[in-house]
Amino acid sequence: MTFAGLDGSTEPVPPTQSGPHQLGAKSRLYAALRTNDRSGSARYVPSLSASANPGYPGSRFTARQIGAPAPGIAVSDPITTLWKKTVDEAVAALPKNAS
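Residues numbered from 1 in each chain as written. Predicted model: local features only at pLDDT ≥ 70, side-chain atom pairs only at ≥ 80, totals over all residues. Heavy atoms only, no water.

Draft legend 1. The arrangement of the sheet that holds strand β1 (residues 2–3) in detail. The strand order across the open sheet formed by three strands is β1-β5-β6, and the pairing between neighbours is antiparallel. Whereas interior strands pair on both sides, the edge strands pair on one side only; in this sheet they are β1 and β6 (59–62). Summarising the sheet, β1 and strand β5 (residues 47–50) pair through two bridges and their orientation is antiparallel. Along β5, the bridge assignment pairs F3 with L48. (Pairing = 2+ DSSP bridges. Helix = DSSP H or I, 4+ residues; strand = E, 2+ residues; numbered from the N terminus.)

Okay, structure coming up:
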């Protein structure tokens, strides 16, 4: 995940260098994302981009598309989970507190 106008990207939880998975046709994997740890030091961006490979631009989502209120997507200590088989597993893998 990368954020418009900001350097850097999300940090994986747990920390890892990579998490490659090979998918067959019509297969799916899920990862959960938390963009803001609510520490009060957030910066706001108009969009984020998601890609399974950081070498490719991926898909861009605007704040409006994901339902983020004005002034945009709050970003502070963003994290993402590793790939999971279900949405519920991905959400459950997010830690309660960012660190």
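On we go.
Draft legend 2. How the structure looks around the pairing of β5. Note: β5 against β6, four bridges, orientation antiparallel. Paired with A50 across the two strands is S59, which belongs to β6.

Draft legend 3. Summary view of the confidence of the model for the protein. Per-residue confidence for the protein gives a mean pLDDT of 86, with 95% of residues at or over 70. Helix α1 (residues 87–92) holds the highest mean pLDDT among the elements of the protein, 96, whereas β1 holds the lowest, 83. (pLDDT = per-residue confidence, 0-100.)

Draft legend 4. Looking closely at the sheet that holds strand β8 (residues 79–81). Strands sit in the order β2-β8-β3 across an open sheet of three strands; the sheet is mixed. This sheet does not close on itself; its edge strands, each paired only once, are β2 (11–13) and β3 (33–34). The pairing of β2 with β8 spans three bridges and is classified as parallel. The residue of β8 that forms the bridge with E11 is I79.

Draft legend 5. Here's a closer look at the environment of D77. For D77, the location among the structural elements is in the loop between β7 (73–75) and β8. Overall, D77 belongs to the partly exposed group, its relative accessible area being 33%. (Buried < 20%, exposed > 50% of the residue type's maximum accessible area, 1.4 Å probe, protein only.)

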